[in-house]
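Listed below, chain by chain, are the residues.
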Amino acid sequence: MKKMLWFSPVLLLWSCNHGSTDALNFKVEYKPDCVYKQTMTEKTHMQVKYDATPEILEALKNKGVQNPTENDDEETVLINLKTGKLGPQNIYPFTMEYVKTTGKDSKEEIPDNTLFYGKDTLGRIPVIDSISTPAKNTLNVLSKRILLQNVQDLFQKSFEPEKRLKVGEQFVREYPVDEDFGFTKLHMVLTTTYKLVSIANNLATFEIKQVYNLSSTIKDHTFKGEGEGSGKMVYDIADNYYKDYNVNMSLSMSKDIGGIYADIHTQSNISILTELVQN
């Protein structure tokens, strides 16, 4: 689930305009001449329980594999999204910097101080055209090209036409998520429902409900999974940006690999706090 964290700023780039005390207009847009400072934290507890013949279980034990195996992990990512001054044809510069990733057993999906460059246009989505990484990074030219395309694809998936939403109404979004298990990648569909529950004190609060679905068979290896999540999202209406996003997720997955049945349970919390600084 760690991939969910680094592309969260893209999936959450909604902004909203104040229409009344009981309705909002939604659109995908960053403001020009601003800095969006984001702190994203993911905490995860995973338990894996194995079931197999006594001989196989004994072999796993001899290899140092505990049954069940439990692991706790926490990762924090600091990201700065900067927009430049508004220019001709409503175009302005756009950069996204992955400042720092910290945490137990953390593995950098994106190296620290990586910068994505592009431009944005009012009413549209950012177009990312180049990437800069620290000299010490291990990303080759092909890896940079793939990473650049992945980020642009995520921006593209985030776009939806402007819509008006009243208190009590909701909208649904679906995202494909690929989980990498080393020898294969599995496809998961994340369905998220956002319900506008209140507008007060210049803040709009949304209730979040999530459903995860996974089912795949790959040559003698069967994978099944399902899960759910819940939380809330808070928008600052005056500045048109979300300031708080928090979701608790529970995912259960089973896999059968060559006579070893693994039952995997994951509990996660994702928290994203955003501070907007006007240039």
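Residues numbered from 1 in each chain as written. Predicted model: local features only at pLDDT ≥ 70, side-chain atom pairs only at ≥ 80, totals over all residues. Heavy atoms only, no water.

1. Section: the overall build of the protein
- In terms of regular secondary structure, the protein is built from 4 helices and 14 strands.
- By the burial criterion, 45% of the 279 residues in the protein qualify as buried.
- Counting contacts in the protein only where the partners sit at least 6 residues apart, residues at least 24 apart contribute 59% of the total.
- Accessible surface computed for the protein: about 14400 Å², of which carbon and sulfur atoms make up 49%. (Helix = DSSP H or I, 4+ residues; strand = E, 2+ residues; numbered from the N terminus. Buried < 20%, exposed > 50% of the residue type's maximum accessible area, 1.4 Å probe, protein only. Contact = heavy atoms within 4.5 Å. Areas by Shrake-Rupley, 256 points an atom, 1.4 Å probe, with all protein chains shown as cover.)

2. Notes on the pairing of strand β3 (residues 34–51)
- Summarising the sheet, β3 and strand β14 (residues 260–278) pair through 18 bridges and their orientation is antiparallel. Within β14, the position partnered with Lys-49 by the bridge is Asp-263.
- Relative to strand β4 (residues 69–83), β3 runs antiparallel, the two being bridged by 14 bridges. In the sheet register, Gln-38 faces β4, and the bridge partner there is Ile-79. (Pairing = 2+ DSSP bridges.)

3. Regarding the packing of aromatic side chains
- Taken as a whole and assessed by the stated rule, the structure comprises 6 aromatic pairs.
- Relative to Tyr-194, the ring of Phe-171 has its centre 5.1 Å away and its plane inclined at 20 degrees; by these criteria the two rings are stacked. Taken together, the positions of Phe-171 in strand β9 (residues 170–180) and Tyr-194 in strand β10 (residues 185–200) put the pair 23 residues apart, joining distant regions of the chain.
- Judged by relative accessible area, which is 6%, Phe-171 ranks as buried.
- Seen from their ring centres, Phe-206 and Tyr-235 are 5.6 Å apart, and the 70 degrees between their planes marks the pair as edge-to-face. Of this pair, Phe-206 sits in strand β11 (residues 203–218) while Tyr-235 sits in strand β12 (residues 221–236), placing them 29 residues apart in sequence.
- The class for Tyr-235 is buried, based on a relative accessible area of 0%.
- Here the aromatic cluster, defined as three or more aromatic residues joined through ring pairs, consists of Tyr-30, Tyr-36 and Phe-94. (Phe/Tyr/Trp six-rings, centres within 6.5 Å; stacked < 30°, edge-to-face > 60°.)

4. A closer look at unusual backbone geometry
- Note that the residue after Asn-67, namely Pro-68, is joined by a cis bond; omega there is 5 degrees.
- Along the chain, Pro-68 turns up in the loop between α3 (54–62) and β4.
- Phi angles above zero are rare outside glycine, and Gln-89 is one such case at about 60 degrees.
- Its location among the elements puts Gln-89 in the loop between β4 and β5 (91–103).

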